[in-house]
Amino acid sequence: MDYFALRRERLIRQLAEEGVDALMVSNPVNVTYLTGFTGDSTVLLLCCDNLLLVSDSRYTDQLAEECPGLPVHIRSAKQKLPEAVVEALKGFGIRSVGFESSAVTVAEFELFGQLAPQLDWKGGADRVERLRMVKDASELAQIRTAIDVAERAFTAFRSLLHPEDTEKDLCDALEHYARRAGGSGTAFPPIVAVGERAALPHAPPTNRTVASGELLLVDWGVSAPLYKSDLTRVLINRNNATFNCTASATTAKLYEVYSVVLQAQEAALRTVRPGVSTSAIDAAARAVIAEAGYGEFFGHGLGHGFGLQIHEAPWLRPNSDTPVQPGMVFTLEPGIYLPGWGGVRIEDDVLVTPDGVERLTHLPRDWEAMLLHALGA
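Every chain's residues receive numbers from 1 upward, in the order its sequence appears when written. Side-chain atom pairs in this predicted model are given and counted only at pLDDT of 80 or more, local residue features only at pLDDT of at least 70, and totals for whole chains, interfaces and linings cover all residues. Values shown for side chains rest on all heavy atoms present in the structure; no hydrogens or waters enter the calculation.

1. Looking at the packing of helix H4 (residues 81-92) against helix H5 (residues 106-115)
Stated precisely, the cut-off is as follows: Only the stretch in contact is used when a helix axis is fitted, and all axes are lines through C-alpha atoms; the angle between N-to-C directions ranges over 0 to 180 degrees. Strands are runs of DSSP state E lasting at least two residues, helices are runs of H or I lasting at least four, and both sets are numbered from the N terminus onward. Angular relationships are summarised with four words: roughly parallel below 35 degrees, roughly antiparallel beyond 145, roughly perpendicular across 65 to 115, and oblique for the angles in between. A crossing counts as left-handed when the near helix is turned anticlockwise from the far one by less than a right angle, and as right-handed when that turn is clockwise. Here, two residues are considered to be in contact whenever any of their heavy atoms come within 4.5 Å of each other.
With their axes 10 Å apart at the nearest point, H4 and H5 run at an angle of 45° to one another. Taken together, the axes of H4 and H5 lie oblique to each other. The two elements H4 and H5 cross, and the hand of that crossing is right-handed. Contacts from Pro82, Glu83, Val85, Val86 and Lys90 in H4 reach Leu111, Phe112 and Leu115 in H5.

2. Looking at the environment of glutamate 65
Relative to the assigned elements, glutamate 65 resides in helix H3 (residues 60-66). When the C-alpha atoms of glutamate 65 and threonine 32 are compared, they prove to be 13 Å apart, with 33 residues separating the residues in sequence.

3. Some thoughts on H4
Structurally, the α-helix is built with 3.6 residues per turn, so residues lying three or four positions apart point the same way. Formally: Take the residue count of a helix, subtract one, and multiply by 1.5 Å to get its expected span. Each residue is assigned to one of three classes by its accessible area relative to the maximum for its type, calculated with a 1.4 Å probe on protein chains only: buried under 20%, partly exposed between the two thresholds, exposed over 50%.
A rise of 1.5 Å per residue sets the reference length of H4, with its 12 residues, at 16 Å; its end C-alpha atoms lie 17 Å apart and thus fit the reference within 8%. Residues of H4 that are buried: Pro82, Ala84, Val85, Val86, Ala88, Leu89 and Phe92. Positive backbone phi, approximately 65°, marks glycine 93, located one or two places after H4.

4. Looking at the pairing of strand S1 (residues 22-25)
For the record, the criterion: Two strands pair if DSSP finds at least two bridges between them.
Side chains Ala22 and Met24 of S1 all project onto a buried face; the interleaved residues Leu23 and Val25 project onto the opposite face, where all are buried too. As defined by bridge partners, S1 adjoins strand S5 (residues 96-100) across 3 bridges and the pair is classed as parallel. From the neighbouring strand, leucine 23 faces S5, where its bridge partner is glycine 98. Relative to strand S2 (residues 43-47), S1 runs antiparallel, the two sharing 4 bridges. In the sheet register, valine 25 faces S2, and the bridge partner there is leucine 44.

What follows is the structure, encoded as structure tokens:
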């Protein structure tokens, strides 16, 4: 099945409803989504009866390899990309052309207007992105692969932890494990935070060692090769705590916070089903955290879509009312962040199904599974 052609057909129908004759796609991620081409400096021109990729000689062979059968115009070295695009559009015989206002600069927009003043240029921020929210079978297969690779990378990461490892060491190691497990690399710079540094949701890595804290927050994902995954787990260092949850005040607090975050994620999971708004899913998790007295320490949205990009629509947050649909894939990642103490975030990837939800990630989340029983052994 040609999924790229099906995506283009959906987009063309959308353009017809909008009253736009053609679309200029210049965001490289959207070009990839619609054609399979993975390079840059290439524009896709699309209308009901015409299609053209405008590129340059660096990509002649790559375009033939990744987009067999698609018409391509290779501009000369003397011709700038906007000039080649306008020249091609003139051959389309159209009056209006849509463009991606989130990908075209003001200077570029002004230049296109100067080069083709006869065309009506109509901006739009999310024509392709709306299509990308619902994943097709090809995308879901690639996302499942990216999750599998990420989980295998984490298994290696966890088994090879040593007390003297630093946050920086472990971020570097995750990149290595991701590639060894079959990925093209991590989907984003990994977050590894020890102890109280876990209170920073996006903590940059330092030379703080694993042995210096009771908890280790790990946020990572993999590209395999184009589609992403995104997970977070908190590991508990037995070497530094008494793991009778009533014997140690510090450990009791950690157990309490972890339990609240896990309950919040479970509440969100129970809420996910077609037609429910993204804000309602966020609210389900947020209510659990607020009821436990930690509402002010959960400051970010519950989750986000991912696919070709690690952050894309839909967005799960209080002010986002997108109805979820079967085929949407997003994270559920509630967290509690206590300055000077530490933080807990549990993140899993889920798929909306016709009947409800499927948790795509399989790593355990229960307290016992988080204990590092043999750190440094």
